[in-house]
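Structure at a glance
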Amino acid sequence: MARKDTSRQKKFDTRIDFTPMVDMNMLLITFFMLCTTMIKSQTLQIALPSNEKVEEEQQNKVKQSEAVTIIIDGKIDDKGLSKPDEGMLFYYDGMPPAATEILTNNPMKKVEFGNGNGGALPAIREILRERNKEVVKKIELLKKDWKDMKFSNKEEINDSIYQAKAKEIRNDSTLKRPVIIIKATPNASYAHVVSVLDEMQINNISRYQIDRIGAIDSAMMILVQGQAQ
Amino acid sequence: MGKVKVKKKETRIDMTAMSDVTVLLLTFFMLTSTFLQKEPITVITPPSVSEEKVPDQNLVSVLVSPEGKVYLAITGSKDSTYKSETVRGDILKNMVKSYNEKHPSNKISLTNKEVEEFSKIGAFGVPMSQMKKWLAMDIENRDKALEQGPGIPINMNEDPDNPNEFQMWIRAAYNSLNPELQETMVRGKGIAIKADQTTPYSVVNIVMDNLQTIKMNKFSLMTALKTEEE
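An account of the accompanying structure is given in this report.

Quick notes on the rules
Residues numbered from 1 in each chain as written. Chains lettered and ligands numbered in written order. Predicted model: local features only at pLDDT ≥ 70, side-chain atom pairs only at ≥ 80, totals over all residues. Heavy atoms only, no water. Contact = heavy atoms within 4.5 Å. Buried area = accessible area lost by both parts, 1.4 Å probe. Salt bridge = Lys/Arg side-chain N within 4 Å of Asp/Glu carboxyl O. Polar contact = N/O pair within 3.5 Å; in protein donor to acceptor, adjacent residues only side chain to side chain. Helix = DSSP H or I, 4+ residues; strand = E, 2+ residues; numbered from the N terminus. Nonpolar A, V, L, I, M, F, W, Y, C, P; charged D, E, K, R; others polar. Pairing = 2+ DSSP bridges. Phe/Tyr/Trp six-rings, centres within 6.5 Å; stacked < 30°, edge-to-face > 60°. Buried < 20%, exposed > 50% of the residue type's maximum accessible area, 1.4 Å probe, protein only. Lys NZ or Arg CZ within 6 Å of the ring centre and 35° of its normal.

Attention shifts here to the interface of chain B and chain A. By a widely used convention, the size of an interface equals the accessible area lost when the partners come together. Contacts between the two partners involve 59 residues from chain B, matched on the other side by 51 residues from chain A. When the area that chain B buries against chain A is broken down by residue, the three leading residues are B:Phe29, B:Tyr201 and B:Leu221, summing to 13%. Put simply, chain B and chain A have two salt bridges between them. Across the salt bridge formed by A:Arg212 and B:Asp209, the nearest N and O atoms sit 2.6 Å from each other. There are 14 residue pairs in polar contact (both at pLDDT 80 or more) connecting chain B and chain A. For the side of chain B that touches chain A, the secondary-structure elements that each account for two or more residues are helix H1 (16–32), strand S1 (47–48), strand S2 (52–53), strand S6 (191–195), helix H8 (201–213) and strand S7 (218–225) of chain B. Per-element accounting of the side of chain B that touches chain A gives the leading share, 10 residues, to H1(B). Across the side of chain B that touches chain A, the residue classes break down as 25 nonpolar, 18 polar and 16 charged. By the bridge criterion, two bridges tie strand S1 (residues 42–47) of chain A to S2(B) in an arrangement that is antiparallel.

Tallied over the full model, the rule gives six aromatic pairs over all chains. Where A:Trp146 meets A:Tyr162, the ring centres are 5.0 Å apart and the plane angle is 25°; that geometry is what we call stacked. One end of the pair, A:Trp146, is in helix H3 (residues 133–147); the other, A:Tyr162, is in helix H4 (residues 155–170), with 16 residues separating them in the sequence. What makes A:Tyr162 buried here is its relative accessible area of 9%. With a centroid separation of 5.3 Å and 70° between ring planes, the pair formed by B:Phe28 and B:Phe29 is classed as edge-to-face. For B:Phe28, a relative accessible area of 43% puts it in the partly exposed group. On the accessibility criterion, B:Phe29 (10% relative accessible area) is buried. An aromatic cluster is built from B:Phe118, B:Phe124 and B:Trp169, whose rings are joined through pairwise contacts. For the cation-ring pair, B:Arg142 lies above B:Trp134, with the distance from its terminal atom to the ring centre recorded as 5.9 Å.

See the structure below:
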């Protein structure tokens with residue numbers, strides 16, 4: 001028998017092997033996945049008062065009954081960094097008292113971060129909510145309307161109307177609104193300052209400012225800490 | 001011949017479909033990705049409930065290390081007129097001008113090539129007196145110099161007529177030819193402070209006070225999204 005096979009042409013496989021291609025693609029995907037940032041960081045807007053010296057008569061004095069001063073203190077470890085889970089908050093109502101009064105009548109109170117009752121932030125939230133209750137009550141009513149989509153059927157319009165109305169309430173001067181003065185000692189951690197600023201947003205407080213710590217404040221802090229020991 | 005023909009089974013899997021999927025995924029990641037900005041120091045920003053996003057254009061971000069070193073990163077507009085490169089070059093020229101006015105005996109001059117080199121750099125932080133030397137380095141040494149160097153000179157300064165270098169930089173950015181950057185800076189969205197959560201307040205306070213002195217009272221603090229603990 002003559003060999004038929006020799007004359008037959010070899011059949012070529014027309015399919016291409018894609019495995020290396022897939023391998024390479026997978027590598028590229030891994031690279032892009034690791035290099036991208038999906039979550040963008042957030043920002044917190046703050047406005048500080050101008051540094052210029054203002055004439056005393058032109059100053060808008062904060063009403064005594066409305067002011068609450070919060071002082072943030074922290075602990076520094078041996079590397080010079082603030083410990084984010086340790087620290088204290090001090091607060092008092094009204095204006096700082098005269099230097100002669102602080103020994104007998106110290107209005108300052110102290111809360112520690114991370115103590116048994118949930119820490120300083122829930123405690124300060126409670127206090128701020130109480131001071132700002134007129135606004136908070138109105139905002140809560142407004143929120144109910146917003147949840148029921150009372151302003152508009154469209155979610156976007158509903159949102160924007162809610163935001164505008166909430167802003168109006170926050171800035172309504174007929175309501176009793178506190179003025180929060182935030183002060184921080186040099187040792188306070190930045191995280192605590194930000195979380196106290198957060199509390200302003202949570203409690204719908206529109207009037208707050210960051211101020212420098214005064215001698216009276218430091219004196220009162222030392223006294224309060226002395227009493228506790 | 002009564003031989004039963006056994007069908008030859010193909011052992012290879014068809015990879016075409018798999019390849020399609022991976023290419024699709026790859027395209028998705030390539031289009032959506034924004035690369036991590038290389039920063040001289042890594043910071044973990046404090047958590048906050050604020051939901052406002054960081055703008056991705058017309059922004060001067062002030063990077064503050066826990067030790068108090070300050071770095072700046074400038075991004076321009078996304079459209080072609082005021083691209084980051086153009087804006088950075090212009091800001092550097094402004095800065096050189098005001099530096100030379102303040103230090104008439106110690107003038108520095110940068111060549112066009114050096115300015116061009118600077119405009120490609122995302123984050124910087126060297127004293128102006130070392131700028132020329134820094135720009136002459138290659139990329140690796142530059143990063144090292146940033147890490148070990150003193151950052152942008154900053155001190156507690158409340159005299160707006162005698163600004164320190166940090167304040168001069170911010171002013172240079174404000175007076176650059178990009179009106180969009182100026183506008184965002186006035187609204188308080190153009191300057192963002194990025195500091196680590198363990199930074200002592202005294203360090204952040206210096207930066208804030210410096211900004212206050214040159215009447216940049218409004219600015220933002222960079223934070224991370226808070227994971228709700230309640």
